[in-house]
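# Examination of the molecular architecture
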Amino acid sequence: MTQQAQTIQGSIVAIVTPMLEDGSVDWKGLEKLVEWHIEQGTNSIVAVGTTGEASTLSMEEHTKVIAEIIRVANKRIPVIAGTGANSTHEAIELTKEAQQLGADAALLVTPYYNKPTQEGLYQHYKAIAEAVDLPIILYNVPGRTGVDMSNETVIRLADIPNIVGVKDATGDVPRGQQLLAGLNGKNMVVYSGDDATAYQLMLHGAQGNISVTANVAPKAMSQVCAAAIAGDAAGAEQQNSTIANLHNILFCESNPIPVKWALHEMGLIGTGIRLPLTPLAEQYRAPLREALQAAGVIQ
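If you're wondering where the values come from, they're calculated on a predicted model, not measured in any experiment. (Residues numbered from 1 in each chain as written. Predicted model: local features only at pLDDT ≥ 70, side-chain atom pairs only at ≥ 80, totals over all residues. Heavy atoms only, no water.)

### A look at the overall build of the chain
Within the chain, the regular secondary structure consists of 14 helices and 8 strands. The principal-axis extents of the C-alpha atoms in the chain amount to approximately 50 × 45 × 35 Å. The proportion of buried residues among the 299 residues of the chain is 56%. For the chain, the share of sequence-separated contacts (at least 6 apart) that also reach a separation of at least 24 residues comes to 73%. As displayed, the chain offers around 12100 Å² of accessible surface, 48% of which is attributable to carbon and sulfur atoms. (Helix = DSSP H or I, 4+ residues; strand = E, 2+ residues; numbered from the N terminus. Buried < 20%, exposed > 50% of the residue type's maximum accessible area, 1.4 Å probe, protein only. Contact = heavy atoms within 4.5 Å. Areas by Shrake-Rupley, 256 points an atom, 1.4 Å probe, with all protein chains shown as cover.)

Right, here's the structure in full:
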């Protein structure tokens with residue numbers, strides 16, 4: 001295992017990008033959120049992932065948000081930059097920018113919409129890894145991208161030195177176990193990307209959870225991850241039960257619609273979100289508020 005992959009473990013928040021009512025980035029709000037996460041025990045931050053509205057930020061904003069999170073974190077916890085794109089050239093440019101800004105690693109989602117083959121996925125990541133000397137974490141989330149990277153492709157990519165991890169957001173624990181078994185002895189760490197099943201995958205050997213729920217319940221998610229990585233099944237399950245409702249209801253509409261509404265309800269961010277995403281529908285607000293209260297994050 002590489003040094004970089006060793007230091008990136010536990011609860012890794014896929015942080016939202018706070019916005020003002022007019023949709024502009026709320027830089028003070030972002031600074032406040034990063035400080036809060038460090039204080040609450042979050043182990044690492046993913047800047048500008050899906051939850052950070054990567055798809056609606058301009059290239060300039062994308063790199064500026066990454067730079068600001070790196071500045072505020074100030075090496076206290078690792079920062080992973082979301083640099084995925086469905087163009088290999090663009091992904092290389094974004095990953096180079098992240099490296100220059102001082103990111104500890106880059107998280108690259110599988111190219112979406114254009115539906116590459118398994119060979120295309122392999123060549124895409126290989127080209128990025130060869131172009132940029134930065135630890136790279138693969139990201140497979142077929143429910144959002146329309147493409148599913150097979151375990152075989154991930155295992156093949158593990159032989160490329162600076163590809164150090166994979167975020168498995170399939171939510172399929174048996175498949176994740178097969179991936180972990182296939183990577184045994186290789187230089188790659190597995191992270192869960194599915195809050196509802198994360199503790200189970202960590203009990204089987206995954207090294208952390210890249211989490212949406214950690215946005216609103218960072219302390220509890222950090223405790224779930226610590227227990228699961230330590231092999232404490234009872235402790236992980238018990239701690240997870242306190243936030244299990246959040247794992248589900250935070251996906252009642254497309255992420256990050258519910259989590260941004262929840263953070264606003266908690267008084268941590270403004271109401272801003274960018275089209276084509278819209279504010280949370282009225283019928284989901286009371287159930288989400290109840291789940292936040294049950295988890296102890298609001299009164």
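That was the structure; now back to the text.
### Topic: the environment of His89
Looking at the secondary structure, you find His89 in helix 4 (residues 88–101). Judged by its relative accessible area of 58%, His89 falls in the exposed class. Along the sequence, His89 and His124 sit 35 residues apart, while their C-alpha atoms lie 9.1 Å from each other.

### Some points on the side chain of His124
With respect to the element layout, His124 can be found in helix 5 (residues 118–131). Side chain to side chain, His124 and Thr88 meet in a polar contact 2.7 Å long. Not counting chain neighbours up to four residues away, the residues in contact with His124 comprise Ala85, Ser87, Thr88, Ala91 and Pro111. (Polar contact = N/O pair within 3.5 Å; in protein donor to acceptor, adjacent residues only side chain to side chain.)

### Regarding the environment of Ser24
When you line up the elements, Ser24 lands in the loop between strand 1 (10–14) and helix 2 (27–40). Here the alpha-carbon distance between Ser24 and Ile273, two residues 249 residues apart in the chain, equals 8.7 Å. If we skip the residues at most four places from it in the chain, Ser24 touches Pro18, Met19 and Arg274. Side chain to side chain, Ser24 and Asp22 meet in a polar contact 2.7 Å long.

### What about helix 8 (residues 173–182)?
The α-helix advances 3.6 residues per turn, and as a result positions three or four apart in sequence lie on the same side. Taken as a whole, helix 8 has its buried residues at Val173, Arg175, Gly176, Leu179 and Leu180. Angularly, the buried residues of helix 8 cover 155° about the axis, an arc narrow enough to put them on a single face. Opposite the buried face of helix 8, at more than 90 degrees from it, the exposed residues are Pro174, Gln178 and Ala181. Between the side-chain oxygen of the N-cap and the backbone nitrogen of Arg175 there are 3.0 Å, and the N-cap of helix 8 in question is Asp172. (Arc of directions from axis to C-beta.)

### Thoughts on the nonpolar core
Within the largest apolar cluster, 87 residues are counted, with the highest numbers of intra-cluster contacts made by Ile69, Leu138, Ile163, Val216, Leu246 and Leu288. With near-sequence residues (within four places) excluded, Val216 lies in contact with Trp36, Leu246, Leu250, Val259, Ala262, Leu263, Met266, Leu292 and Val297. (Core = buried A, V, L, I, M, F, W, Y, C linked by side-chain atoms within 4.5 Å.)

### Some remarks on the side chain of Thr153
Looking at the secondary structure, you find Thr153 in helix 7 (residues 151–157). Beyond its immediate stretch of four places on either side in the chain, Thr153 contacts Gln118, Leu121 and Tyr122.

### A short note on helix 14 (residues 282–294)
Leu288, Ala291 and Leu292 are the residues of helix 14 that are buried. Down the axis of helix 14, the buried set is contained in an arc of 100°. They therefore lie on one face. Counted as exposed and oriented over 90 degrees from the buried face of helix 14: Glu282, Gln283, Glu290 and Ala294. Looking at the buried residues of helix 14, the elements they touch are helix 12 (244–249) and helix 13 (257–265).

### What to know about the pairing of strand 3 (residues 79–82)
Along a regular strand, successive side chains alternate from one face of the sheet to the other. The alternating pattern of strand 3 places Val79 and Ala81 and Ile80 and Gly82 on opposite faces, both of which are buried. Judged from the 3 bridges that link them, strand 2 (residues 44–47) and strand 3 form a sheet pairing that is parallel. Paired with Val46 across the two strands is Ile80, which belongs to strand 3. Note on the crossover from strand 2 through helix 3 (residues 59–73) to strand 3: the handedness is right-handed. Pairing between strand 3 and strand 4 (residues 105–109): 3 bridges, direction parallel. Each bridged residue has a counterpart across the sheet, and for Ile80 the counterpart in strand 4 is Ala105. (Pairing = 2+ DSSP bridges. Right-handed = clockwise from strand over helix to strand, strands pointing away.)

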